[in-house]
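Okay, here's what each chain looks like letter by letter:
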Amino acid sequence: DWSSDVCSSDLAPYGDIEPPSLILPQDTITDEYLAANGNQVIGTVPGYPDWQLGDTVSYWWEKAPLPDDPDFPPVTTIPVAGPAGSPQQVIFSAEYIKLKGDGDVVAFYSLRDKAGNRSRYPKTLATASVALGPIPIDLEKPVVPFADDDNLIDLKDAIAGVKVQIPAFTG
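Residues numbered from 1 in each chain as written. Predicted model: local features only at pLDDT ≥ 70, side-chain atom pairs only at ≥ 80, totals over all residues. Heavy atoms only, no water.

Participant: It is not clear to me how the confidence of the model for the protein should be interpreted in this structure. Could you clarify?
Facilitator: Detailed reading of the predicted coordinates is not advisable wherever pLDDT is low. Chain-level statistics for the protein give a pLDDT mean of 85 and a share of 92% at 70 or above. In this model, residues 3-10 is a region of pLDDT below 50 whose contacts with residues beyond four sequence positions or in other chains number 13 contacts. (pLDDT = per-residue confidence, 0-100. Contact = heavy atoms within 4.5 Å.)

Below, the structure is given as structure tokens:
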């Protein structure tokens with residue numbers, strides 16, 4: 001399980017426990033969201049009390065779900081800002097978000113102390129939904145032809161194969 005992989009001893013930030021989750025905005029990430037927020041998404045790494053000058057935070061923004069054994073580079077690695085115990089902001093640029101594309105994403109981080117010991121990944125990964133480009137403006141309710149007669153899907157309908165038709169829409 002990748003979430004329990006630790007590079008070094010219990011001297012790493014948070015020792016043998018998983019750090020708290022990265023905090024992301026609760027909004028769906030759209031073109032409008034990015035434009036209103038400086039073409040970026042700001043995540044927050046909760047502060048940890050053992051911060052020392054020279055510690056770093058690496059962070060990721062990846063398509064969900066993650067593979068069991070992910071091996072991809074972080075968005076970047078930056079020095080942890082002080083003072084000790086204060087939250088750390090991490091920035092995901094609009095260009096990077098657009099590169100990863102639409103859909104569900106997970107975001108997470110790891111801390112590395114100045115001796116090179118890496119923390120575990122958070123057990124609970126932050127999630128976001130990304131919907132870039134034009135948003136459909138004239139969506140209609142889906143049509144289920146078998147339900148037209150009695151407004152129900154029964155066993156007979158299910159055995160015959162239920163199909164859902166989505167009317168054409170703009171955007």
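Text resumes after the structure shown.
Participant: Help me out: how do you make sense of the packing of aromatic side chains in this one?
Facilitator: Two aromatic rings are characterised by how far apart their centres lie and by the angle between their planes. Evaluated as defined, the whole model comprises six aromatic pairs. Geometrically, the ring pair formed by Tyr59 and Phe92 is edge-to-face, given 5.2 Å between the ring centres and 90° between the ring planes. Note that Tyr59 is positioned in strand β3 (residues 56-63) and Phe92 in strand β5 (residues 88-93), a separation of 33 residues in sequence. Residue Tyr59 is classed as buried on the basis of its relative accessible area, which comes to 4%. With 5.0 Å between their ring centres and 10° between their planes, Trp60 and Phe108 make a pair best called stacked. Taken together, the positions of Trp60 in strand β3 and Phe108 in strand β6 (residues 103-112) put the pair 48 residues apart, joining distant regions of the chain. A network of ring pairs unites the aromatic residues Tyr59, Trp61 and Phe92 as a single cluster. Sitting above the plane of the Tyr121 ring, Arg118 keeps its charged end 4.7 Å from the centroid. (Phe/Tyr/Trp six-rings, centres within 6.5 Å; stacked < 30°, edge-to-face > 60°. Helix = DSSP H or I, 4+ residues; strand = E, 2+ residues; numbered from the N terminus. Buried < 20%, exposed > 50% of the residue type's maximum accessible area, 1.4 Å probe, protein only. Lys NZ or Arg CZ within 6 Å of the ring centre and 35° of its normal.)

Participant: Hey, could you run me through the side chain of Thr30 in this one?
Facilitator: As for its placement among the helices and strands, Thr30 is situated in strand β1 (residues 29-30). Given a relative accessible area of 15%, Thr30 falls into the buried group. Residues in contact with Thr30, not counting those within four places in the same chain, are Ala131 and Leu132.

Participant: Even after reading the chapter, I still don't get the side chain of Arg120, so can you show me in this structure?
Facilitator: Tracing the sequence through the fold places Arg120 in the loop between β6 and β7 (126-131). For Arg120, which is buried and forms no salt bridge, the nearest opposite charge comes from Glu18, at a distance of 4.1 Å. Side-chain polar atoms of Arg120 contact the backbone oxygen of Asp16, separated by 3.0 Å. (Lys, Arg positive; Asp, Glu negative; His and termini not counted. Salt bridge = Lys/Arg side-chain N within 4 Å of Asp/Glu carboxyl O. Polar contact = N/O pair within 3.5 Å; in protein donor to acceptor, adjacent residues only side chain to side chain.)

Participant: Explanation requested: the environment of Asn37 in the structure shown.
Facilitator: Position of Asn37 among the secondary structure elements: in the loop between α1 (31-36) and β2 (40-45). Looking at Asn37, the relative accessible area reads 33%, which means it is partly exposed. Note: C-alpha distance between Asn37 and Ala94 (57 residues apart in sequence) is 9.8 Å. A polar side-chain atom of Asn37 sits 2.8 Å from the main-chain carbonyl oxygen of Tyr33.

Participant: Would you explain the nonpolar core in this entry?
Facilitator: The tendency in soluble globular proteins is for nonpolar side chains to be buried as a group. In terms of nonpolar packing, the biggest core is built from 27 residues, with Leu22, Leu24, Val41, Trp61, Phe92 and Ile97 touching the most fellow members. The greatest single-element share of this core, amounting to four residues, is contributed by β6. Not counting chain neighbours up to four residues away, the residues in contact with Leu24 comprise Val41, Gly43, Trp61, Phe92, Ala107, Ala126, Thr127 and Ala128. (Core = buried A, V, L, I, M, F, W, Y, C linked by side-chain atoms within 4.5 Å.)

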